[in-house]
Amino acid sequence: MSMYQVKTVCPEIKIDLPTCMYKLPNIHTRQENSCSPDHALQNGDVDPAVKALEARQDEILRKLYELKAAVEGLAKTVMTPDADLDVTVGNTLSSQSSSCDIFKGSPNLDTLLGKDLGALRDIVINANPAQPPLTLLVLHSLLCQRYRVLSTVHVHSSVSSVPPQLLSCLGPKHADSYARHMFQLGFTLIWKDVPKLEMKFSVRNMCPIEGEANVARFLFKLLAPYPSDPVLATLVDGWVDTAFFQLADGSTKERAAVLRALNSALGRGPWLSGPEFSLADIACYCCVMQTGSASSAATNVQRWIKSCENLVHFGPAKVLLK
Amino acid sequence: MTKEEVNGATEEEQHAQSKKALKKQQKEAEKAAKKAEKQAKLAAEQQSADEDDFAKDRYGLPAMVQSQEKLDRALVRVQDLTPEKADQLIWLRARVHTSRAKGKQCFLVLRQQQFNVQALVAVGDRASKQMVKFAANITKESIVDVEAVVRKVEQKIESCSQQDVELHIERIFVISQAEPRLPLQLEDAVRPDGEGEEEGRATVNQDTRLDNRVIDLRTTTSQAIFRLQSGVCQLFRDTLTKKGFVEIQTPKIISAASEGGANVFTVSYFKSSAYLAQSPQLYKQMCICADFDKVFCVGPVFRAEDSNTHRHLTEFVGLDIEMAFNYHYHEVIDSITDTMVQIFKGLRDNFQTEIQTVNKQFPSEPFKFLEPTLRLEYTEALAMLREAGVEMGDEDDLSTPNEKLLGRLVKEKYDTDFYVLDKYPLAVRPFYTMPDPNNPKYSNSYDMFMRGEEILSGAQRVHDAQLLTERALHHQIDLEKIKSYIDSFRYGAPPHGGGGIGLERVCMLYLGLHNVRQTSMFPRDPKRLTP
């Protein structure tokens, strides 16, 4: 090196460290081997020491991010009353793949939809692009965790153009989408000029199901059985109807009334119907967000909205709300 | 004057006749006198008219146009006759669609392709009685040159395409006269399906139409059909060119039958014989092997099938596509279906008037499709058919009624008239079809359907000479006959696939017509070689 050598300014000092604190390993230890003295410094080359310093900084930052993520994950489990603590903490660092299984019962597709005849069990949903069915998008992402779902989006010829976010609302194409027989369930969303959302499944044995609420009920049954307690089941049904008839299609007065009712119901428990997250929460969340009444809602509702948003399945719906 | 004499005689003879009878006789006499007077007057009038027809040079039959002179006269199109042109004096050339004389005026409907306008010749300071008479006697379908003033009308003229204006004719000349007896009436030829039978009015049957195709093609319906067909061709070319395809021309006289030898036309070729191409398949594939990457061709295809159905022709226009792909033959399916969707969209957006015109005569539901196109697998189709009660084996081909049924099932569930059926059983496809990599029973082949009828059949082709030889042997094909075909894959061939569409069938099914002869301008079938 063609620089002046400078003597150490400060001689080595012995410091008495306090013993009442935790011992921490030296964070500077990992730099050692990265710095090779025989590496010639060329024109424009960065000093290996600087490089090492940068690497160390990156390392520290990475650790900090990890820590932040872990804390956020913990916060989420605190905020979301239902989420299983262990599962969530274990997976928060890669929260995309978190498959927090909120539903206990595991229904069998064969018993629900009839025997497999070799054809893909394809659920076809005709929706009007003017009213994207947010509830169904949430249910779709829940279905994707449970089953191998082939999701496709089509545009019907009765609609001339559809905004791009509606075309990608079911997420990226599955890598195996070229082989339809490899899937358990088909979810085909068709943007079509229909007055009312409709779902077709088995055209031979089943009439089309009309209305977002009813389709949501059908899809939810594929995820979890309705509560066996008839009172609870009725409660869920009641909230779903309230959401669609009084929130989505209701007058300002009705909406205000529903929001008050939501607030008081959420004062009694973390979720709308009983101790578990259910279709009632999905439907009410989507309708509250769609009508834009979230900001004016009372504290319990606000807290509940946060809880819902902490679940990854609401991601696709949130994208469309923006 | 003998009558009066007789009258007088009777008077004398029967003096005692009643007063009533007398009166009657008097009246008769008066009548006779009046009649004579009238006749005389008429004759006089005629004479005077013949002598001085002030509008003599405003109508007539000019000499045949032999390019004697080059007039610098601007002719207006019928479709441009709008209220903006009101009160202008214009020249126009059109056909006489109908004419109706009524006393001192004559109404004509003048037609140009699918557009028509009402015109009027009335006795006045511009037109004489003789001119009105002349106009009334022009035969239907004659071509006339007309000078007229455009006038706005109070009430819309419902029967014409130009509803807001009419023409007041000042001069009219016949350029080409039609024979008075037409083999078919245009009004009869455009009468909606079924309506004629109910009201006891005439309809024109298919053969009369085809025998007199020139007149039949003049109808608004035919005009619309063939304009739409031209649109299909144009959209096909434009879309593929945009996708980087190259249009190629392939020979139609070939030395060996490309797809089996059964349904091929033999033609004499100097001292030996040759065949008419059943499809450009072989040449398309050779172009791929010659590194053209993506090719298409539009041209005639010949099939010597003696089948007299609503959808078979012995010569039709084939729209053929062949392309090399990278890793999966679905790249080919995506390209073809996207091309079809672009065609359908183009027709939906730019040919609405033509579609409406055809619908007036042949009502049908509008063509529906999905973007991207729905793709089903053969096993799924089988399951759907079985659910509907059809019994068929796993490796059976779809029969025409089953295809129709499947089309209805798919339409019911997905509400689309266009879809792809993928993964056909290997056994029902030609030998050059690539087998499925996972299941030897199936193949990388597909059919496309419109309104439940097959319009395209395609596949990934075997591009390996070794495998091709095996497949040919399996199908018991004489290797000598297809040697040149196999040889073209010996020097390195990219993986490729493609398919071919029949233009007439696509038009027929898009419009929901029931006979492919309606969408073929001069159809060729086992029973028809003319016109």
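Residues numbered from 1 in each chain as written. Chains lettered and ligands numbered in written order. Predicted model: local features only at pLDDT ≥ 70, side-chain atom pairs only at ≥ 80, totals over all residues. Heavy atoms only, no water.

1. Re the domain arrangement of chain A
Residue and element names in this part refer to chain A.
Here comes step 1: Assigned domains within chain A: domain 1 (109-223) and domain 2 (230-320).
Here comes step 2: Computed over C-alpha atoms only, the centres of domain 1 and domain 2 are separated by 23 Å.
Here comes step 3: Between domain 1 and domain 2, the contact holds 17 residues from the first and 16 residues from the second.
Here comes step 4: At the boundary of domain 1 with domain 2, total buried surface from both sides reaches about 1600 Å², with 75% on carbon and sulfur atoms.
Here comes step 5: Counting the contacts that link domain 1 with domain 2 gives two salt bridges.
Here comes step 6: A salt bridge links Arg217 to Asp241, with the shortest nitrogen-to-oxygen separation between them at 2.9 Å.
Here comes step 7: Linking domain 1 to domain 2 there are three residue pairs in polar contact (both at pLDDT 80 or more).
Here comes step 8: When contributions to the side of domain 1 that touches domain 2 are tallied by element, the ones reaching two or more residues are helix H4 (134-146), helix H5 (164-167) and helix H6 (212-223).
Here comes step 9: The leading source of residues in the side of domain 1 that touches domain 2 is H4, at eight residues. (Domains from an automatic or database assignment. Contact = heavy atoms within 4.5 Å. Buried area = accessible area lost by both parts, 1.4 Å probe. Salt bridge = Lys/Arg side-chain N within 4 Å of Asp/Glu carboxyl O. Polar contact = N/O pair within 3.5 Å; in protein donor to acceptor, adjacent residues only side chain to side chain. Helix = DSSP H or I, 4+ residues; strand = E, 2+ residues; numbered from the N terminus.)

2. Some details on the interface of chain B and chain A
Here comes step 1: Residue-level contacts link 24 residues of chain B with 27 residues of chain A.
Here comes step 2: Both faces considered, chain B and chain A share a buried interface measuring about 2200 Å² in area, 49% of it formed by carbon and sulfur atoms.
Here comes step 3: The partner of Glu380 of chain B in a salt bridge is Arg180 of chain A, with the nearest N and O atoms 2.6 Å apart.
Here comes step 4: Counting the contacts that link chain B with chain A gives 17 residue pairs in polar contact (both at pLDDT 80 or more).
Here comes step 5: Put simply, the parts of the chain that give the side of chain B that touches chain A at least two residues each are helix H10 (330-350), strand E13 (370-371), strand E14 (374-377), helix H12 (378-387) and helix H13 (400-414) of chain B.

3. Structural notes on the pattern of salt bridges
All names here are of chain B.
Here comes step 1: With the rule as written, the count across this model stands at 42 salt bridges over all chains.
Here comes step 2: The partner of Asp422 in a salt bridge is Arg375, and the shortest N-O contact between them spans 2.9 Å. One end of the pair, Asp422, is in strand E15 (residues 418-422); the other, Arg375, is in strand E14, with 47 residues separating them in the sequence.
Here comes step 3: A relative accessible area of 0% places Asp422 in the buried class.
Here comes step 4: We classify Arg375 as buried; its relative accessible area is 13%. (Buried < 20%, exposed > 50% of the residue type's maximum accessible area, 1.4 Å probe, protein only.)

4. Details of the nonpolar core
Here comes step 1: In terms of nonpolar packing, the biggest core is built from 72 residues, with Ile125, Leu139, Leu219, Leu222 and Trp304 of chain A touching the most fellow members.
Here comes step 2: Counting residues domain by domain, this core receives three or more from each of domain 1 (109-223) and domain 2 (230-320) of chain A.
Here comes step 3: Grouped together as the second largest cluster of nonpolar side chains are 52 residues, Ile225, Phe226, Leu319 and Ile343 of chain B included. (Core = buried A, V, L, I, M, F, W, Y, C linked by side-chain atoms within 4.5 Å.)

5. Focus on the sheet that holds strand E10 (residues 272-276) of chain B
All names here are of chain B.
Here comes step 1: Taken together, three strands build an open sheet; the order of strands is E8-E10-E9 and the sheet is antiparallel. The sheet is open, and its two borders are formed by strand E8 (253-254) and strand E9 (266-269), each paired with just one other strand.
Here comes step 2: Strand direction decides the pairing type here: E9 and E10, joined by four bridges, are antiparallel. Looking across to E10, one finds that Ser268 is bridged to Ser273. (Pairing = 2+ DSSP bridges.)

6. What about the side chain of Arg311 of chain B?
Residue and element names in this part refer to chain B.
Here comes step 1: Tracing the backbone shows Arg311 in the loop between strand E11 (294-302) and strand E12 (315-324).
Here comes step 2: For Arg311, a relative accessible area of 12% gives the class buried.
Here comes step 3: Among all residues touching Arg311, those that are not within four sequence positions of it are Thr400, Glu403, Glu453, Glu454, Arg505, Met508 and Val516.

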